[in-house]
Amino acid sequence: MAATKEPNADSEVHKTSLPGELQYIQYQHSLEAQYLPAIRSLISKDLSEPYSIYVYRYFLCQWGHLCYMALNPTDSSLIGVVICKLEMHSSHSTPTLRGYIAMLAVSSQYRGHGIATKLVRMAIDAMAERNADEIVLETEETNIPAMRLYERLGFLRSKKLHRYYLNGNSAYRLVLPLKAVDESAEESE
Amino acid sequence: MEYYNPNSYPAFSAFEEPPPPAISSEGIIAEDITKRFRSAASTLEPGELVKDGYFSLFESVGALEIMDPKMDSGCLAPGESLYEDYDVTRPLLPSEVIGIIDQLLSFEVAWHLGYPLSQTLFTSVYIEKMVQLSPQNLEDADFIKDRPAGSPRDPMHTVLRAYCLGLLKSCHYVNERIKQEHSYEEEDFVTNTYSRSLLENLDRDMIREEIMAARKVIDDMKGELTDEVAHALGFRLELRTAFLRAIELSELRTNSDSLSVPWYQMQGVWESINKSRSLGTPVPDAFSAKIQRRLASTMPPRPIVQPTPEEAHENFKRMIADGIRVVNVLNYSDSQSLLNFVMTFQAQRPQPLVYIRSLLQSFLFHEMVILGRLSIRQILGDDLSITVLGRSVLLDPANDEIEAPQHPLFVISQQMELFRQRAAQSYLDIFRTFCQNRCRVRRTMFHALLDWESMQIDAQELDSRLQLQLKEKPLIYPPTNGVESYSLPLSSWTYLYKLRLMEWTVQLGFELDIYHPDELAGMYWYLGYLARTRAAHVERVQFFAARRAESEHNMSKTYTSLRPSQSQNYRSKPYLDLAALETAYTSDLADALSWLYAALLRLGLVRPPPRPYSTEALRYHQVRMKPFAGIGLPELPSHEAFARVVAQEGTSTPMLLEQAARAAKDARGKLEGMAKLKEKEAFAVGCHEAWLKGVKNATRAAIATVVAATSLGKVVQEKREGRVTVEVPKAEKAYHEWWIVPRVVEVRD
């Protein structure tokens, strides 16, 4: 998805130590009033052009079960979030059930503790359990920490997308194959 | 359009029902559904999404929120006015005109770089005032409207107006050229003009006259302007005339010398413009992001994009230099030199701007006349002749004259036409593809692979019909231990290109930093495998080419009408020799790097990430090698076989490194041999310098590989593995983008 900033997961500098064991919970619609504003502000912090409320609801209302939040144990405030979708992708000649990591953000002061990795792993596990054939995402070419995070988990860069973002930066498409999909079909655009 | 003003009070309290709108209109029976709507809505949780299956992510991303200043272009801060309030009628100092023009130059560059007009040139108040009413004649094309009749324009306004006229007109031509050729909207360039005119209705010559007149105005002001300022203004106007001239001539596609004249003129003028930049006084108020509100667009407001004067200078200078160079493509020598021209031209870093790439496309393909004078048949015939067929009877245009349907030459002529119909588009697409941005080149070639795969099968069918007509005798190939086979020229040609396409996709993967360092051993092995496959194929083509003369000679005895084909090998021999050399150095250097990276993996100096998810086999088949899965020949090795050959387990590490150094040395020798080739021998007529640069950079990579393998060998010998680290450079930092050579670095205490 365009212009999602991934956290600096491998940052050497720990700005703030963690306030104890974080809570990781799955999003559900009843939490919207409590958490959606925080999710929006956390994600839009790094965006030059914010997503409208519809973008969040597009994902959360359909795939709330693929959204995970990391919460501060002391006051249940939001520290990190991952938002995904999972649906049939049929521009391949063999349709695949494709998971997509749309947004990932961790509050800057808590980066470097592996929170993003944990959130992504929870999302991958949830999608794998629902029979995803593959998981894909795009990330800005300059976002080295994000690429490192995903590549450590097993994603490969499959293609580069020229000037994909509004700021003129290019992106990489990253793919994590989970199942053998039988095909001699061509890679889709 | 009325915008909601947050400072005024609404006419009704927020807690009261708004008054129902007047709903009476002829032919319409209105029904108040407020109650029903409310009761249906009350069953929904706040935030619940009601959508049909067609509401996609695309729609949701396109939605805007009113009153969010980042999304709503009409949203005003307290006290902010809706529009800019810059007065275009105010008198301008000469230094301010220079300043405004130089700002416009920066914006013009930003537009060429891919940013929309709305964030660049259309932020100029002068331009907005000039074009907002779509001027239909020269008099209307002015930022000052309703000028009293008969009163002369202020001289500085005259200069700025003339500049803007020339600027907009050239933007029109640039935009049209880009729209006519292939590029990717938004990704490469934004052609949207937001329903604004780029003076398409005004005659080019009239605009040129206005610019000339403005230069005269400057001359007449000699007493009031310093020479420096007068020249600075004059040069800026001259740039516009020259650019318009360059565009006009490019449409002719005649000889490159005359086409490059205005580009050279621009080059000279541009240096003077750059030197006189300091004479300008910027007028930032003459530009405003608010103008976007008036443009026909659904986009949220976006910031102004203005490159620094230095960035503008670098990019404009480069565009001019590329403009000078690109016209050389018109000096056609042979199809392989043409391909090398396009490849080397597009391999420049940074890549030429979209406009220049579009010019190249129009030179190549406009109206399906190649370079303005060659038919597709000519160029395809030329290529078949150079690569596989030499002066074969198959390519003789005289075959078309035969009218007897039973005559073998009649059948040959028909079959060759069938092949051209099948192959022409795919062949020309290779050139077109190289004119795209590098990311797209790689992706488009993946798609093309399957097309060439199926074309190879079709070509085999045609080959078998041709060999029947030619009464071709099968030969034992390979000469020892081989089986009887035919020359198969058309499928050989197809296979040659398919293999090149496969190599290019792998090489572009290096160039675009697609592969993780721990994948490099495998990808260089695969590149070597492809190059060896092509080398073997080239050898086969050479074998049959050498014997074609003989076999076709038999045929010419049968049909006396046929001219005996002389100098069978024509340009085919030097081409095949070059291809043999090129594939040999490619496989040598690819093997060397594969072995070097395999050693680094063993030593733990390049480490694979933990990768708790998925498996190596899945990644290999489903992602990395997936584009090659549909290729029958050469077949993709199984993951097991691939992993085994890449790991080279039977070879000790010192041995592996020694092998790597030796192979890289061999590659170096071959590259140095290539560097001695003259432009004709290298099939680089018109692009020899650029081609040679590529060869020299590859040579440097080969030398660096020798150094890395040798020094790592010493490290292993002295058991100092723990004392070194390895840096894998990004492609842009490598000697050659296709050869990523690791650097072994001693750890300092």
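Residues numbered from 1 in each chain as written. Chains lettered and ligands numbered in written order. Predicted model: local features only at pLDDT ≥ 70, side-chain atom pairs only at ≥ 80, totals over all residues. Heavy atoms only, no water.

Its UniProt record gives chain B a comment under Sequence similarities (unreviewed entry), which states: "Belongs to the MAK10 family." Per its UniProt entry, chain B bears the Subcellular location (unreviewed entry) comment "Cytoplasm". (UniProt positions renumbered as here; feature names shortened; annotations may be inferred.)

As recorded by an unreviewed UniProt entry, chain A carries the name N-acetyltransferase domain-containing protein and is attributed to Humicola insolens. Its UniProt record gives chain A a comment under Sequence similarities (unreviewed entry), which states: "Belongs to the acetyltransferase family. MAK3 subfamily."

Caption draft 1: Fine view of the sheet that holds strand S7 (residues 171–177) of chain A. Residues and elements named next belong to chain A. Pairing within the open sheet is mixed, and its seven strands lie in the order S1-S2-S3-S4-S5-S7-S6. At either margin of the open sheet sits one strand with a lone partner, and together these are strand S1 (23–26) and strand S6 (156–161). Neighbour-to-neighbour, the strand axes of this sheet turn through a mean angle of 25°, independent of strand direction. With seven bridges joining them, strand S5 (residues 134–140) and S7 adopt antiparallel strand pairing. Along S7, the bridge assignment pairs Glu138 with Arg173. Sheet contacts for helix H2 (residues 53–63): strand S3 (78–89) and strand S4 (96–106); angle to S3, the most-contacted strand, approximately 70°. (Pairing = 2+ DSSP bridges. Helix = DSSP H or I, 4+ residues; strand = E, 2+ residues; numbered from the N terminus. Axes fitted to C-alpha atoms, helices over the stretch in contact; angles between N-to-C directions. Contact = heavy atoms within 4.5 Å.)

Caption draft 2: Region of interest: the domain arrangement of chain B. Residue and element names in this part refer to chain B. Taken as a whole, chain B is organised into domain 1 (1–82), domain 2 (94–327) and domain 3 (378–744). Taken over C-alpha atoms, the centre of domain 1 sits 42 Å from the centre of domain 2. Every contact between the two is made by 13 residues of domain 1 and, on the other side, five residues of domain 2. Of all residues in domain 1, the largest losses of buried area upon contact with domain 2 belong to Leu64, Ser73 and Leu82, amounting jointly to 55% of the total for that side. Our count for the contact surface shared by domain 1 and domain 2 stands at two salt bridges. Between Arg293 and Glu80 there is a salt bridge; the shortest N-O distance is 3.8 Å. Remark: the boundary between domain 1 and domain 2 carries two residue pairs in polar contact (both at pLDDT 80 or more). (Domains from an automatic or database assignment. Buried area = accessible area lost by both parts, 1.4 Å probe. Salt bridge = Lys/Arg side-chain N within 4 Å of Asp/Glu carboxyl O. Polar contact = N/O pair within 3.5 Å; in protein donor to acceptor, adjacent residues only side chain to side chain.)

Caption draft 3: Main features of the interface of chain B and chain A. Residue-level contacts link 51 residues of chain B with 51 residues of chain A. With both sides pooled, the region where chain B packs onto chain A buries about 4,600 Å², and carbon together with sulfur makes up 58% of that total. Along the contact surface separating chain B from chain A lie one salt bridge. In this structure, Glu65 of chain B and Arg40 of chain A form a salt bridge, with 2.8 Å as the shortest nitrogen-oxygen distance. At the boundary of chain B and chain A, one finds 22 residue pairs in polar contact (both at pLDDT 80 or more). Secondary-structure elements contributing two or more residues to the side of chain B that touches chain A are helix H2 (57–62), helix H14 (438–469) and helix H18 (616–624) of chain B. For the side of chain B that touches chain A, the element with the most residues is H14 of chain B, which contributes six residues.

Caption draft 4: Local environment of the confidence of the model for chain B. Residues and elements named next belong to chain B. Taken as a whole, chain B shows an average pLDDT of 92; of its residues, 94% reach a score of 70 or greater. Below pLDDT 50 for its whole length, residues 1–12 participates in ten contacts with residues either more than four positions away or in separate chains. Scoring the predicted complex yields pTM 0.92 and, for the interface, ipTM 0.92. (pLDDT = per-residue confidence, 0-100.)

Caption draft 5: Representation of the nonpolar core in the model. Residues Ile39 of chain A together with Trp263, Trp493 and Trp739 of chain B are the most contacted members of the largest nonpolar core, which totals 283 residues. Per-element tally for this core: the top contributor is helix H17 (residues 572–602) of chain B, with 15 residues. Once residues within four sequence positions are removed from consideration, Trp493 of chain B is found in contact with Leu380, Asp383, Leu384, Thr387, Val388, Phe419, Ala423, Tyr427, Trp452 and Met455 of chain B. (Core = buried A, V, L, I, M, F, W, Y, C linked by side-chain atoms within 4.5 Å. Buried < 20%, exposed > 50% of the residue type's maximum accessible area, 1.4 Å probe, protein only.)

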